[in-house]
Amino acid sequence: MRTTRTAAAAALAVVASLTLAACGGSTEEGGGESKPATVEKEEKGGVVLQRAFEKPDLTLTDTEGEEYDLVEETEGRPTLLYFGYTNCPDVCPLTMSNVAVAKSKLPKAEQDKLRVVFVTSDPERDTPKELGKWLRGQDPSFIGLTGDFDTIQAGARTLGVSIEPSYEKKNGDVVSTHGSQLLAFSPEDDKAHVLYTEGNATPEVLEKELPALIEGRNP
């Protein structure tokens, strides 16, 4: 990555932390379709953070109904972490699909090293079974986690990811608001040094940068 990108990382990280996707998949009163907050598609790649994020101390439930300690289970492994939910109509499935496509282009040895963890922001509806079914449609190796909302929200906040409780609109549609950041944790120190937003987490960018991330280098 160019030095200019690193120098601008702090400002971009602040912007990213305020980027929320209001995902309801619904129609607003008055006939206008609900749209998520988005950023323009970029090709320059992930943002190298000036201050790395510690991996959140989260112990949740995986898709097999088993306890999953995020720090312990992913220690020493390159890890991509994303907070979203299975009923999201756009941002979440697109991001995970982009990761799946990029991962599929890597050599098998690199694929086997990479851990991709999806933590639900809507645990009331995203049961282990629902998470498992949804993630199998993306990549069977992806890890899905659910649990207590307050615990998930607190863990997300340590990464600058905003999550708000889901709520039901008058027409019965459920809306969930969550940050759209994808964080890359290095196998060298288990810290997130690189952050992707909705605009730059494209298959092309991820395919190009994942090999360096898997090796513990900034792309």
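What counts and what doesn't
- Residues numbered from 1 in each chain as written.
- Predicted model: local features only at pLDDT ≥ 70, side-chain atom pairs only at ≥ 80, totals over all residues.
- Heavy atoms only, no water.
- Helix = DSSP H or I, 4+ residues; strand = E, 2+ residues; numbered from the N terminus.
- Buried < 20%, exposed > 50% of the residue type's maximum accessible area, 1.4 Å probe, protein only.
- Contact = heavy atoms within 4.5 Å.
- Areas by Shrake-Rupley, 256 points an atom, 1.4 Å probe, with all protein chains shown as cover.
- 1 Å grid on protein atoms, 1.4 Å probe; cavity = no way out; pocket = protein on both sides within 12 Å on 5 of 7 lines; lining within 4 Å.
- Points joined across faces, edges and corners; volume = space filled by probe spheres on them.
- Nonpolar A, V, L, I, M, F, W, Y, C, P; charged D, E, K, R; others polar.
- Expected span 1.5 Å × (residues − 1).
- Core = buried A, V, L, I, M, F, W, Y, C linked by side-chain atoms within 4.5 Å.
- Disulfide = S-S within 2.5 Å.

Let us look at the overall build of the protein chain. Regarding its fold elements, the protein chain presents 8 helices and 11 strands. Every one of the 219 residues in the protein chain was classed for burial, and the buried ones make up 51%. Pairs at least 24 residues apart make up 72% of the contacts formed inside the protein chain by residues separated by at least 6 positions. When the accessible surface of the protein chain is summed, it comes to about 10,600 Å², and 47% of that surface belongs to carbon and sulfur atoms.

Time to look at empty space enclosed by the protein. Applying the stated criterion across every chain, the model contains 1 cavity of 30 Å³ or more. Estimates place the volume of the largest cavity at around 30 Å³. What lines the largest cavity is simply Pro78, Thr79, Leu80, Leu114, Ala184, Phe185, Leu210, Leu213 and Ile214. Counting residues per element, the ones that place at least two in the lining of the largest cavity are strand S5 (79–84), strand S10 (182–185) and helix H8 (203–215). Top contributing element to the lining of the largest cavity by residue count: H8, with 3 residues. For the lining of the largest cavity, the class distribution of residues is 8 nonpolar, 1 polar and no charged.

This brings us to helix H4 (residues 91–104). In this model H4 runs 20 Å from its N-terminal to its C-terminal C-alpha over 14 residues, within 8% of the 20 Å that 1.5 Å per residue would give. Within H4, 10 of the 14 residues are buried, which leaves the element mostly enclosed by the surrounding structure. Residues Val91, Cys92, Pro93, Thr95, Met96, Asn98, Val99, Ala100, Ala102 and Lys103 constitute the buried set of H4.

A few words on the nonpolar core. Formed by 28 residues in total, the largest nonpolar core has its most connected members in Leu80, Phe118, Leu182, Tyr196, Leu206 and Leu210. For this core, the secondary-structure elements that each account for two or more residues are S5, H4, strand S6 (115–120), helix H6 (128–136), S10, strand S11 (191–196) and H8.

For the structure on display, the rule yields 0 disulfides. Free of any disulfide, cysteine 92 has its nearest neighbouring cysteine sulfur in cysteine 88, separated by 3.3 Å.

On to unusual backbone geometry. One non-glycine residue, aspartate 190, lies in the positive phi region at around 60°. With respect to the element layout, aspartate 190 can be found in the loop between S10 and S11. What makes aspartate 190 buried here is its relative accessible area of 18%.

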